[in-house]
Amino acid sequence: MCGIVGYIGRREAAPLLLNGLKRLEYRGYDSAGIAVLNGDMQVFKRKGSVGNLEEMLNVSGTVMLGATAGIAHTRWATHGDPSDRNAHPHMNVTGDIALIHNGIVENYSTLKQDLISQGYVFNSDTDSEVLVHLIDRIWKSDPSLELEAAVRQALRHVEGAYGICVVSSREPDKIVVARKGSPLVIGIGNNEFFIASDAAPIVEHTNKVVYLSDGEMAVITRDNYTVKTIENVEQEKRVTELDFSLEKIEKGGYEHFMLKEIFEQPEVMRDVMRGRVRIDEGRVQLGGIEDYLDRLKQAKRVVICACGTSWHAGLIGEYLIEEFARIPVEVDYASEFRYRNPIVSSDDVVIVISQSGETADTLAALRLAKEKGAMVMGICNVVGSTIARETLCGMYTHAGPEVGVASTKAFTAQVIVLFMLAMALSKGRTISHDEIRLNLRELAEVPDKVSRILEQNDAIKVIANEFKDAKNALYLGRGFNFPVALEGALKLKEISYIHAEGYPAAEMKHGPIALIDEDMPVFFIATRDNTYTKILSNIEEVRSRKGRVIAIASEGDREVSRLAEHVIYIPQASGPVMPLLTVVPFQLLAYHIATLRGCNVDRPRNLAKSVTVE
Ligand code: F6R
């Protein structure tokens, strides 16, 4: 999610690099930094905007003049707060190697301990810094190596995902880059080369690019570039001609950020689980709560507080924690919790969930729970946000910046974190080692299953077209899928302005059934689980009142298609992971209905991405 820019050529590097960083601002970031080579290595980094960094460079005068090679970075924090010291580039102790990194080094803590035991001193809390010290150690142990070889050897020790750029004043006429998991593009100019994490910073300079593939490295000089695998096998690369507008590139080729973020979900889900889900060991590794896990397991009760979509994730969390860990859970709207004199004590654990980490009501609930002596844990997406700072412990969702106002990938990331938490709370207490492995395997299969659902995007658009003029809509689900019904209705109303309500399907007969007529679309979640036959009866009830049924059903199901006007089939999965699948068609339906109605899906009226006021 971080942004990477590099330049090597004959022009002044610093202004080109800063301009490139500005082109990446759309990705969201919390700090920025730059390293250039003009004889020496010069590194500047700053928390906050690229503008802050630019100001710093202006104040520093002409230090960067004459540099025609360099690298620059915008950081979206994953390990360590947003701060000057955690910003990239990171340097080795002698200040002659600088590195920027996009991705997550999963085994950073083992590597870090190892380096510390050999006398290395760390200047940041990031996972990325281990990379530069690792390269330094290898290079120092064999000074006859070239930078490229030192980087190659270092990467053999690294588990996880990376896109990196490395420069050194010892070899000032080259940039070494490598990719595994995090994208890197090389732009080919006239006796100059650009490097970036996506084509946005490159397109104004050249439309000729080479995309590095996973497991490849490149060495780029002013006149040439060579691409090899990390195992040192030379690669023939095809030069691609870009024909995108800048705006399209920023949105990854999608029409809207919301659609891009819906499609990012399989990748985001893998990122959330990366390094945490250990199927073979039958456990999850949750660094942020490890020291508090025993206390969490002893909680008499868990209270989850959140707002909006995060509250829906909390409801799924309730089902998961009660199902597996057998700890009673209550889920409260943060805005209600804060004003209703809740009964909370030191026996309770309060979990606050927030994408932004800045929601005023959630923050107030957190502070009240602390005042009452509860242990407060956070689940946040934005690292270093107020909620993340004020909670005793917590877990980040690692969903990357969410730009679309309607939450999509942050929601599924929250549910995955809650699933992992439920496993951690159950381990050694309520479910067996084998059951944990089974559940984790189910969870690990979700990203591929979501990809298969996303392949139905065009078919879902056709369904959306039929319902774009609806005035009302009803969403019904049961069990783990009841919160998904709420979330489906929220997605539709907030971006399409169609009135929609979600209900547990069985509640329909206690009121909402009165609304059903031939104009009412009713979206059912009818996947195969223990309430399947009950849901079929609910569908019959709607049909007999002429309601229009759109159902999400399990692949291979024949019953539902007999009853519903439209069926969206999804891969079968166990009940507890099902919400991660069933929510996806609802996100796409809401998106298409809203765009077909001409609504601004990324910026719906009256809504803000971060609700920092009551
Ligand atoms: C809906 C949506 C909102 C947020 C809510 C809480 O799509 O985005 O309902 O979920 O405002 O925001 P966070 O999670 O930032 O606390």
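Use the structure listed above.
Starting afresh in each chain, residues are numbered from 1 along the sequence in its written order. Totals for whole chains, interfaces and linings use all residues, but because this is a predicted model, local features are given only for residues with pLDDT of at least 70 and pairs of side-chain atoms are given and counted only at 80 or more. Think of the side-chain values as coming from all heavy atoms in the structure, minus any hydrogens and water.

1. Some thoughts on the nonpolar core
Which entries qualify depends on this criterion: Definition of nonpolar core: a set of buried residues of the types Ala, Val, Leu, Ile, Met, Phe, Trp, Tyr and Cys, connected through side-chain atoms within 4.5 Å. Burial classification: accessible surface area is computed with a 1.4 Å probe over protein chains only, and a residue below 20% of its type maximum counts as buried, one above 50% as exposed, and the rest as partly exposed. Note on conventions: DSSP H or I runs of at least 4 residues are helices, E runs of at least 2 residues are strands, and numbering of each starts at the N terminus. Marked domain ranges trace back to an automatic or database domain assignment. Contact between two residues is taken to exist if any of their heavy atoms lie within 4.5 Å; hydrogens are not considered.
In terms of nonpolar packing, the biggest core is built from 97 residues, with Ile-321, Ile-351, Met-377, Met-420, Leu-421, Leu-443 and Tyr-475 touching the most fellow members. A per-element tally of this core places helix α14 (residues 409-426) first, with 13 residues. Each of domain 2 (251-444) and domain 3 (454-601) accounts for three or more of the residues forming this core. Leave out the neighbours within four places in its chain, and Tyr-475 touches Ala-485, Gly-488, Ala-489, Leu-492, Ala-500, Glu-501, Gly-502, Tyr-503, Phe-523 and Phe-586. Ranked by size, the runner-up nonpolar core spans 31 residues in total, among them Val-36, Leu-57, Met-64 and Ile-202.

2. Section: the sheet that holds strand β5 (residues 90-91)
What counts is decided by this rule: Strand pairing follows a simple DSSP-based rule, namely that at least 2 bridges must link the two strands. Between the N-to-C directions of two axes lies an angle of 0 to 180 degrees, each axis being a line fitted to C-alpha atoms and, for a helix, fitted only over the stretch in contact.
On the basis of which strands lie adjacent, the open sheet formed by six strands has the order β5-β6-β7-β8-β12-β13 and antiparallel pairing. Across the chains shown, the open sheet's two edge strands, defined by having one partner strand only, are β5 and β13 (225-229). Strand direction decides the pairing type here: strand β6 (residues 97-102) and strand β7 (residues 162-168), joined by six bridges, are antiparallel. Across the sheet, residue Ile-100 finds its bridge partner in β7, namely Cys-165. Together, β5, β6 and β7 form the strand contacts of helix α4 (residues 129-141), whose direction differs from that of β6 by roughly 140°. Lying over the sheet, helix α5 (residues 147-155) contacts β7, β8 (175-180), β12 (216-220) and β13, oriented at roughly 145° with respect to β7.

3. Side note on the side chain of Asp-198
Put simply, the test is: The term polar contact refers here to a pair of N or O atoms within 3.5 Å; inside protein, the definition further demands a hydrogen-donor-capable atom paired with an acceptor-capable atom, and it admits residues adjacent in sequence only when both atoms are side-chain atoms.
Position of Asp-198 relative to the elements: it lies in the loop between β10 (193-196) and β11 (208-211). At 2.8 Å, the side chain of Asp-198 and the backbone nitrogen of Ala-200 are in polar contact. If near-sequence neighbours (up to four positions away) are discounted, Asp-198 is found in contact with Leu-24, Tyr-26, Arg-27, Val-185 and Ile-249.

4. Side note on the sheet that holds strand β22 (residues 472-477)
Read across the sheet, five strands follow the order β23-β22-β24-β25-β26 without closing on themselves; strand pairing throughout is parallel. Edge positions in the open sheet fall to β23 (499-504) and β26 (566-570), since each of these has one partner strand only. For this sheet, the mean angle separating the axes of adjacent strands, direction not counted, is 15°. With six bridges connecting them, β22 and β23 associate as parallel partners. Note that in β23 the partner of Ala-473 across the bridge is Ala-500.

5. With respect to empty space enclosed by the protein
The cut-off we apply is this: Points on a 1 Å grid, built from protein atoms alone, make a cavity when a 1.4 Å probe fits but cannot get out and make a pocket when they are open with protein on both sides within 12 Å along at least 5 of 7 lines; residues with an atom within 4 Å of a point are the lining residues. Grid points are joined across faces, edges and corners, and a volume is the space filled by probe spheres set on the points. Polar here means any residue outside two lists: the nonpolar Ala, Val, Leu, Ile, Met, Phe, Trp, Tyr, Cys and Pro, and the charged Asp, Glu, Lys and Arg; Gly therefore counts as polar.
This structure, assessed with the given rule, holds three cavities of 30 Å³ or more. Volume-wise, the largest cavity comes out at about 40 Å³. Secondary-structure elements contributing two or more residues to the lining of the largest cavity are β1 (3-8) and α1 (13-23). Looking at the lining of the largest cavity residue by residue, the class counts come to six nonpolar, three polar and no charged.

6. Concerning the pattern of salt bridges
How we decide: Counted as salt bridges are all cases of a side-chain nitrogen of Lys or Arg within 4 Å of a carboxyl oxygen of Asp or Glu.
A complete count under the given rule lists 35 salt bridges for this structure. For the salt bridge of Glu-192 with Arg-11, the shortest nitrogen-to-oxygen distance reads 2.9 Å. Here the residue Glu-192 occupies a position in the loop between β9 (185-188) and β10, and Arg-11 occupies one in the loop between β1 and α1, the gap between them amounting to 181 residues. Its salt-bridge partner being Glu-54, residue Lys-22 comes within 3.0 Å of it at the nearest N-O pair. Of this pair, Lys-22 sits in helix α1 while Glu-54 sits in helix α2 (residues 50-59), and the two are 32 residues apart along the sequence. Residue Lys-22 is classed as partly exposed on the basis of its relative accessible area of 35%. One continuous salt-bridge network, built from bridges that share partners, spans Glu-106, Asp-271 and Arg-274.

Keep in mind that these numbers describe shape and distance, not what the molecule does.
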